[in-house]
Every structure is written in C-alpha cells, then in structure tokens.
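A structural walkthrough
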Amino acid sequence: MFCNTKIGKEYTDLMEMHILELSKLPPEEKNETSLLQWMRFLGGKTRKDFEEMAKKNSELEEAYDVLDKLSADEKKRLEYETRQRAIRDYNIGMLTAERRGIEAGRKIGMEEGREEGRTEGVNRINQLNIELSKIGRTEDILKAAVDKEYQEKLLKEFEL
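A brief report on the enclosed structure follows. (Residues numbered from 1 in each chain as written. Predicted model: local features only at pLDDT ≥ 70, side-chain atom pairs only at ≥ 80, totals over all residues. Heavy atoms only, no water.)

Thoughts on the overall build of the protein
This is how the line gets drawn: Working definition: helices are DSSP H or I runs of at least four residues, strands are E runs of at least two. Numbering for both runs from the N terminus. Radius of gyration: over C-alpha atoms. The globule rule applied is 2.2 Å multiplied by the number of residues raised to the 0.38 power. Exposed residues in this analysis have more than 50% of their type's maximum accessible area, buried residues have under 20%, and partly exposed residues fall in between, with area computed by a 1.4 Å probe over protein chains only. In this analysis, two residues are considered to be in contact whenever any of their non-hydrogen atoms come within 4.5 Å of each other. Note on areas: these come from Shrake-Rupley sampling with a 1.4 Å probe, and a residue is covered only by the protein chains present in the view. Under this rule, positive means Lys or Arg and negative means Asp or Glu; His and the chain ends count for nothing. Charge coordinates come from a single atom per side chain, which is NZ of Lys, CZ of Arg, CG of Asp or CD of Glu.
Scanning the protein for helices and strands turns up six helices and two strands. Along the chain direction, N to C, the helices and strands of the protein fall in the order β-β-α-α-α-α-α-α. Expected size for 160 residues packed as a compact globule is a radius of gyration near 15 Å; at 37 Å, the protein overshoots this value by more than 25%. Across its three principal axes, the protein shows a C-alpha extent of roughly 105 × 50 × 25 Å. Per-residue burial over the protein gives 12% buried out of 160 residues. For the protein, contacts bridging at least 24 residues in sequence account for 18% of all contacts bridging at least 6. Roughly 13,500 Å² of accessible area belongs to the protein as shown, and the carbon and sulfur atoms make up 55% of that amount. Each charge class in the protein can be summarised by its mean position, and for the 30 positive and 35 negative side chains these summaries are 3 Å apart.

Some thoughts on the layout of surface pockets
Left-over empty space is what a probe sized like a water molecule reveals as it rolls over the atoms. Worth spelling out the cut-off: Method remark: on a 1 Å grid restricted to protein atoms, a set of points is classed as a cavity if a 1.4 Å probe fits but cannot get out and as a pocket if it is open with protein on both sides within 12 Å along at least five of seven lines; lining residues have an atom within 4 Å of a point. Grid points are joined across faces, edges and corners, and a volume is the space filled by probe spheres set on the points. We call Asp, Glu, Lys and Arg charged. Ala, Val, Leu, Ile, Met, Phe, Trp, Tyr, Cys and Pro are nonpolar, and the rest, Gly among them, are polar.
For the largest pocket, the calculated volume is near 240 Å³. Looking at the largest pocket, the residues that line it are Leu22, Leu25, Glu28, Met39, Arg40, Gly43, Gly44, Lys45, Asp49, Glu52, Met53 and Lys56. Breaking the lining of the largest pocket down by element, the ones donating at least two residues are α1 (34-42) and α2 (47-56). Looking at which element gives the most residues to the lining of the largest pocket, the answer is α2, with four residues. Per-class residue counts for the lining of the largest pocket are four nonpolar, two polar and six charged.

Some thoughts on the packing of α2 against helix α3 (residues 58-72)
Note the following rule: To get an axis, fit a line to the C-alpha atoms, keeping to the stretch in contact for a helix; angles then go from 0 to 180 degrees between the N-to-C directions. Helix crossings fall into two classes, left-handed where the near helix is turned counterclockwise from the far one by less than a right angle and right-handed where it is turned clockwise.
Two elements in contact, α2 and α3, have axes whose closest approach is 6 Å; the angle formed by their N-to-C orientations is 145 degrees. For the pair α2 and α3, the crossing hand works out as left-handed. Residues Arg47, Phe50, Glu51, Met53, Ala54 and Lys56 of α2 lie in contact with α3, whose contacting residues are Ser58, Leu60, Glu61, Tyr64, Leu67 and Asp68. Of the residues in the contact of α2 with α3, the class split is six nonpolar, one polar and five charged.

And the structure:
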C-alpha cells in the first residue's frame with residue numbers, strides 16, 4: 001500500500017504494489033497457482049524452459065507463441081513495433097484534435113454569449129427610448145445616449 005511512513009497514514013486503498021522476486025521462487029510443485037506459473041515463465045532462461053511451461057498452461061502457450069513469432073522474425077518484430085507506434089501516434093493525434101475542438105468550441109460559445117449580451121443590451125436601450133418617447137421625455141433620451149450612469153438610472157427606473 002502507499003502510505004506516509006512518518007505518520008503511518010494510508011494515502012489510498014485504491015492502489016497497492018506487489019513485488020515478485022523471480023530469483024526467490026520456491027522449487028516447482030505439481031499444482032502451482034497461475035501467478036507462480038507466470039513468474040516461472042517470465043524468469044525462463046532457455047527456449048526449452050519456455051516450451052515446457054507452455055505445455056502446462058494454455059495462457060502461457062499463447063504468450064510463448066507470440067514471443068516465439070516476434071523473436072524468430074526480425075521483420076515481424078519491426079512491423080509490430082511500427083504498428084504500436086502508429087497506434088500511439090493516432091491516439092495522441094486524436095487527443096490533440098479533441099483538445100483543439102474543445103478550445104474552439106469554448107471560443108465560439110464565449111463570442112456567441114457576448115453577442116447575445118450585446119443584442120439584449122441594445123433591446124433594453126431601444127425599449128427605454130420607446131418608453132421615454134411615449135411620455136415625452138426626449139431630452140432624457142439624448143442625455144442617456146452620452147451619460148452611461150444616467151442611462152443605468154433610467155433603466156432601473158423603468159425596470160428594464
């Protein structure tokens with residue numbers, strides 16, 4: 001587990017680490033767990049060791065076949081590495097494109113919001129001018145056009 005050694009407090013229970021030392025494997029037994037079989041496979045030293053382990057477990061056999069194919073053919077290994085690199089490059093490209101798209105969407109949304117706010121503001125001023133005209137306060141229209149504070153005062157007065 002991951003914990004603070006000074007105070008002994010555990011950081012999280014969502015992650016823990018197990019260290020398996022291949023050099024400390026006990027002697028081989030008849031009915032070993034899958035974990036011990038994998039450890040022996042990973043610690044194998046000769047082709048014969050791998051072949052014998054592959055016969056005992058279908059998962060190890062599949063891993064051995066892949067390992068055998070990759071190690072036997074340099075061209076196949078290079079193809080595999082190229083494909084893995086292409087997959088990584090594609091994933092990075094998609095992530096970058098997604099981030100650019102999100103940023104562009106934010107900019108468009110902010111501009112639309114500003115435009116909507118301007119339109120709403122113009123509509124409020126137009127409505128104020130109509131109300132002032134109806135009651136004959138044309139001088140207030142002119143004053144509000146040059147004095148923003150007076151304009152705000154009138155908008156509050158007419159509840160706009």
